Amino acid sequence: MDQDVTDAPPPHRLFHHFSELPYSMRVLFTAMLLLLGMGYLFALLNIYFTYAGRAGGNPLMLSYQDIVVAYSGSGQGSVLEGALSGPMSTMLPPDEKSKLLTWVHDGATKPDYDGIKPIVDKRCMACHSGSNPHLPNLSDFDNLKKVTALDTGASIATLVRVSHIHLFGVTFIFFIVGYAFTHAYVRPVWFKSSVIATPFAAIAVDVSSWYLIKIYHPFAWVEIGAGMLMAACFAFMWLISMYQMWFSKPPEAILQRMGGDVPLADADVSGRKGRDGLRLLS
């Protein structure tokens, strides 16, 4: 994305390229980018493990229908059935899974609960004991009965809780990564600014789509697109920042700048003042 120094506007007087920063700041940015990059990869894996197979298809593949079912429900079976045929399908041997599903199909009655309780205690309590507020509590009959109701997807209360965490957390991440990226020399500046701003718009679209999927299922494609856009911007800013910080030579516009904001070594004071008006881009 770099342009020749004769074609591009001179850098803004307040712009500091990575090469102009002290090593301590570059080390700080590098450590931050490495850990956030690792965190983003784990976030993508979490999406995969959370939603893959939710629609009852291949549990190794994440599909459009999995996203639809996660937010609007299958409308055909219970939450428990969806989990046992999707992401939790490998957690129980076939005979125990069949026994649980038979109990659900027979009405999930309390008299028959004692027959399936040992299975639940053995296979489910490690994660569903109630200690994690983000996972269904399966510790007793009343709580287990709730997940045998018709699957209508994530509740509005759940979406609101996750939304505020998502909006605060992801916004903070992209602010930090975007701040580091501001020190990269990328032209044209409108493109650089778009890369910085796009993830913030995408996260708003992404979170809004969670609710809209309940009304109109094709909004799942909007959510998928917004997520891919965020990931692409994150990867671009991460790679360009790391490359320009440690592996590339400073751009010509930076090498020719003397005294901080003078683009040419033989520029006089009057010329410098004349060009100050052009330095509105960073």
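Preceding this section is the structure that the text describes.
Residues numbered from 1 in each chain as written. Predicted model: local features only at pLDDT ≥ 70, side-chain atom pairs only at ≥ 80, totals over all residues. Heavy atoms only, no water.

### Describing the overall build of the chain
A tally of regular secondary structure across the chain gives 11 helices and 0 strands. Residue burial in the chain is summarised as follows: out of 282 residues, 34% are buried. Here the contacts in the chain between residues at least 6 apart in sequence split such that 71% fall between residues at least 24 apart. Entry remark: accessible area of the chain is about 15,700 Å², with carbon and sulfur atoms responsible for 68%. (Helix = DSSP H or I, 4+ residues; strand = E, 2+ residues; numbered from the N terminus. Buried < 20%, exposed > 50% of the residue type's maximum accessible area, 1.4 Å probe, protein only. Contact = heavy atoms within 4.5 Å. Areas by Shrake-Rupley, 256 points an atom, 1.4 Å probe, with all protein chains shown as cover.)

### Digging into the nonpolar core
Judged by nonpolar contacts, the single largest core of 34 residues is most densely connected at Phe29, Tyr71, Phe174 and Met230. It is helix 9 (residues 219–246) that provides the largest number of residues to this core, a total of 8 residues. Excluding its chain neighbours within four sequence positions, the residues that come into contact with Tyr71 are Tyr51, Thr152, Gly153, Ala154, Leu159, Trp210, Ile213, Lys214 and Glu223. In this structure, Leu84, Leu100, Ile116 and Ile119 belong to the second largest nonpolar core, which totals 17 residues. (Core = buried A, V, L, I, M, F, W, Y, C linked by side-chain atoms within 4.5 Å.)

### A word on the pattern of salt bridges
Under the defined criterion, the tally for this structure stands at 2 salt bridges. Close ionic contact of Glu96 with Arg123 constitutes a salt bridge, the shortest N to O distance being 2.7 Å. Separated by 27 residues along the polypeptide, Glu96 in helix 4 (residues 94–105) and Arg123 in helix 5 (residues 113–123) bring together distant segments of the chain. On the basis of relative accessibility, which here comes to 28%, the residue Arg123 falls in the partly exposed class. Ionic pairing is found between Lys117 and Asp121, a salt bridge with its closest N-O pair at 2.8 Å. A residue pair is termed a helical-turn pair when its members lie 3 or 4 positions apart in one helix, as Lys117 and Asp121 do in helix 5 at 4 residues. (Salt bridge = Lys/Arg side-chain N within 4 Å of Asp/Glu carboxyl O.)

### Section: unusual backbone geometry
Cis rather than trans, the peptide bond between Arg187 and Pro188 has omega equal to 0°. Within the fold, Pro188 resides in the loop between helix 7 (156–181) and helix 8 (189–215). Look at Ala108: it is not a glycine, yet its phi comes out positive at around 50°. The topology assignment puts Ala108 in the loop between helix 4 and helix 5.

### Here we look at the side chain of Asp206
Of note, Asp206 is situated in helix 8. Relative accessible area serves as the criterion here: at 6%, Asp206 is assigned to the buried category. With near-sequence residues (within four places) excluded, Asp206 lies in contact with His166, Glu223, Ala226 and Met230.

### Brief notes about the packing of aromatic side chains
Aromatic ring pairs are described here by two measures, namely the spacing of the ring centres and the angle between the planes. Throughout the structure, instances matching the rule amount to 18 aromatic pairs. Centre to centre, the rings of Trp103 and Tyr113 are 6.3 Å apart; their planes meet at 50°, and the pair counts as tilted. In this pair, Trp103 sits in helix 4 while Tyr113 sits in helix 5, placing the two residues 10 residues apart along the sequence. Side by side, Trp103 and Tyr113 carry an identical accessibility label, which is buried. Site record: aromatic cluster; members linked through ring pairs are Phe181, Trp190, Phe191 and Phe236. Over the ring of Tyr23 we find Arg26; its NZ or CZ atom is 4.3 Å from the centre of that ring. The lysine or arginine in question, Arg26, covers the ring of Trp246, its NZ or CZ lying 5.6 Å from the ring centre. (Phe/Tyr/Trp six-rings, centres within 6.5 Å; stacked < 30°, edge-to-face > 60°. Lys NZ or Arg CZ within 6 Å of the ring centre and 35° of its normal.)

### Quick look at helix 8
Because each turn of an α-helix spans 3.6 residues, side chains separated by three or four positions in sequence point in the same direction. Taking 1.5 Å per residue, 27 residues should reach 39 Å; helix 8 reaches 39 Å between its end C-alpha atoms and fits that length. The axis of helix 8 is deflected most strongly, by about 35°, at Ser209. Looking only at helix 8, the buried set comprises Val189, Lys192, Val195, Pro199, Ala202, Ile203, Asp206, Val207, Ser209, Trp210 and Ile213. (Expected span 1.5 Å × (residues − 1). Bend = angle between axes of the 7 residues up to and from the residue.)

### Thoughts on the packing of helix 1 (residues 23–51) against helix 9
Where helix 1 contacts helix 9, the axes come no closer than 11 Å and their chain directions differ by 150°. By the criterion of interaxial angle, the relationship of helix 1 to helix 9 is roughly antiparallel. In the crossing of helix 1 with helix 9, the sense of the turn from one axis to the other is left-handed. Mapping the contact onto sequence places Tyr23, Arg26, Val27, Phe29, Thr30, Leu33, Leu34, Leu36, Gly37 and Tyr40 in helix 1 and Met230, Ala231, Phe234, Trp238, Ser241, Met242, Met245 and Trp246 in helix 9. (Axes fitted to C-alpha atoms, helices over the stretch in contact; angles between N-to-C directions. Parallel < 35°, antiparallel > 145°, perpendicular 65-115°, else oblique. Left-handed = near helix turned anticlockwise from the far one by under 90°.)

### Observations regarding helix 4
Taking 1.5 Å as the rise per residue, helix 4 with 12 residues should run 16 Å; its terminal C-alpha atoms sit 16 Å apart, in good agreement. On its buried face, helix 4 sits against helix 3 (79–85), helix 5 and helix 6 (141–146). Of the residues trailing helix 4, Gly107 is marked for its positive phi of about 110°.

### Considering a nonpolar patch on the surface
Where nonpolar side chains cluster on the molecular surface, the patch consists of Tyr23, Val27, Tyr243, Trp246 and Phe247 and spans about 610 Å² of accessible area. Every element with two or more residues in the nonpolar patch is listed here: helix 1 and helix 9. (Patch = residues over 30% accessible without salt bridge, like charges linked within 9 Å, V, L, I, M, F, W, Y side chains within 5 Å.)

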